[in-house]
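# Structural overview for review
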Amino acid sequence: MCFSAPASFAASGFLTGMGYASVKKSLTKNDYFLCLFPFIFGFQQFCEGVVWLTWDAQAGALYYLGQSATYVFTIFAFSLWPILFPMIIYFHEATTVLRKTVFLSLAAIGTILGAYHLWCIISSNIKPYPFEGNLFYDARKIFEFSHYMLVEYGISTKFIYISVLFLRSSPSTLPQSQ
């Protein structure tokens, strides 16, 4: 929630509560890992709330707290999610060899992209600042090859849509006619 610190903290509290309820209701180990996503996202939103409160700190403890929260937030946003989403789908939904191959391939692509983004984040000096009511993270190194990043985004988005369609329309998930 890039809108404000209260919005980020409210989202964090809501997501943490949903994560707790989900984990309590999880039936299998694979469900448990899927149910951890709201906790992870809640922590990411908490970090963004801290960034909102500290974005203009110039020195001292608030500056270092803000920088730490900025790096944690951007690592989650740009590095961990591209790795975690295909991995959890692989463990949760992959039931056939073909599905396992597709999702493991997506996880490999996500790992490569996540590692690249992590390198860019660590080697950059990311500065957040409010822009038109949102937080803008000046992470130019991640986007300096904008053409390649647009291609990456287009490819990864299509993979996700194709994966979801593949999951929902494969013969093993369609009702069997008698």
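Residues numbered from 1 in each chain as written. Predicted model: local features only at pLDDT ≥ 70, side-chain atom pairs only at ≥ 80, totals over all residues. Heavy atoms only, no water.

## Considerations on the overall build of the protein
Along the backbone of the protein there are seven helices and two strands. Ordered by position in the sequence, the α and β elements of the protein form the string α-α-α-α-α-β-β-α-α. When burial is assessed residue by residue, the protein has 33% of its 178 residues classed as buried. For the protein, long-range pairs separated by at least 24 residues make up 66% of all intrachain contacts whose partners lie at least 6 apart in sequence. By element, 72% of the accessible surface of the protein is carried by carbon and sulfur atoms, the whole surface being about 11,000 Å². (Helix = DSSP H or I, 4+ residues; strand = E, 2+ residues; numbered from the N terminus. Buried < 20%, exposed > 50% of the residue type's maximum accessible area, 1.4 Å probe, protein only. Contact = heavy atoms within 4.5 Å. Areas by Shrake-Rupley, 256 points an atom, 1.4 Å probe, with all protein chains shown as cover.)

## Side note on helix H3 (residues 37-54)
The first and last C-alpha atoms of H3 sit 26 Å apart over 18 residues, in line with the 26 Å expected at 1.5 Å per residue. The set of residues buried in H3 consists of Phe37, Pro38, Gly42, Gln44, Gln45, Cys47, Glu48, Gly49, Val50, Val51, Trp52 and Thr54. Looking at the packing, one finds that the buried side of H3 touches helix H1 (5-25), helix H2 (29-35), helix H4 (60-93), strand E1 (127-131) and strand E2 (134-138). (Expected span 1.5 Å × (residues − 1).)

## Brief notes about helix H5 (residues 97-122)
In this model, H5 (26 residues) spans 37 Å end to end at C-alpha, consistent with the 38 Å of a helix rising 1.5 Å per residue. Residues of H5 that are buried include every one of Arg99, Phe103, Leu106, Ala107, Gly110, Leu113, Gly114, His117, Cys120 and Ile121, and no others.

## Observations concerning the pairing of E2
Every other side chain in a regular strand lies on the same face of the sheet, so the side chains alternate between the two faces. Looking at chain direction, E1 and E2 are connected through five bridges and run antiparallel. Within the sheet, the bridge partner assigned to Pro128 lies in E2 and is Tyr137. Taken together, E1 and the strand that follows it, E2, pair antiparallel across an intervening segment of two residues, in which Glu132 is found at a positive phi of about 50°. (Pairing = 2+ DSSP bridges.)

## Regarding the nonpolar core
Grouped together as the largest cluster of nonpolar side chains are eleven residues: Ala5, Cys47, Val50, Val51, Trp52, Ala69, Phe73, Ile121, Ile126, Leu135 and Tyr137. Of all the secondary structure elements, the ones that give two or more residues to this core are H3, H4 and E2. Top element by residues in this core is H3. It accounts for four residues. Setting aside anything within four residues of it in sequence, one finds Phe73 in contact with Gln44, Gln45, Cys47, Glu48 and Tyr137. (Core = buried A, V, L, I, M, F, W, Y, C linked by side-chain atoms within 4.5 Å.)

## A few points about the packing of H4 against H5
Closest axis-to-axis distance for the H4/H5 pair is 8 Å, and the angle between their directions is 170°. Classified by the angle their axes make, H4 and H5 are roughly antiparallel. Contact with H4, carried on its side by Tyr71, Thr74, Ile75, Phe78, Ser79, Pro82, Ile83, Pro86, Met87, Ile89, Tyr90 and Glu93, involves Arg99, Lys100, Phe103, Leu104, Leu106, Ala107, Gly110, Thr111, Gly114, His117, Leu118 and Ile121 of H5 and no other residues of that element. Each residue belonging to the contact of H4 with H5 can be placed in one class, and the counts come to 15 nonpolar, six polar and three charged. (Axes fitted to C-alpha atoms, helices over the stretch in contact; angles between N-to-C directions. Parallel < 35°, antiparallel > 145°, perpendicular 65-115°, else oblique. Nonpolar A, V, L, I, M, F, W, Y, C, P; charged D, E, K, R; others polar.)

## Comments concerning the environment of Val51
With respect to the element layout, Val51 can be found in helix H3. On a C-alpha basis, the gap between Val51 and Leu62 in space is 9.7 Å, while along the polypeptide they are eleven residues apart. Every residue in contact with Val51, bar those within four places of it in the chain, is listed here: Gly66, Ala69, Thr70, Pro128, Leu135 and Tyr137.

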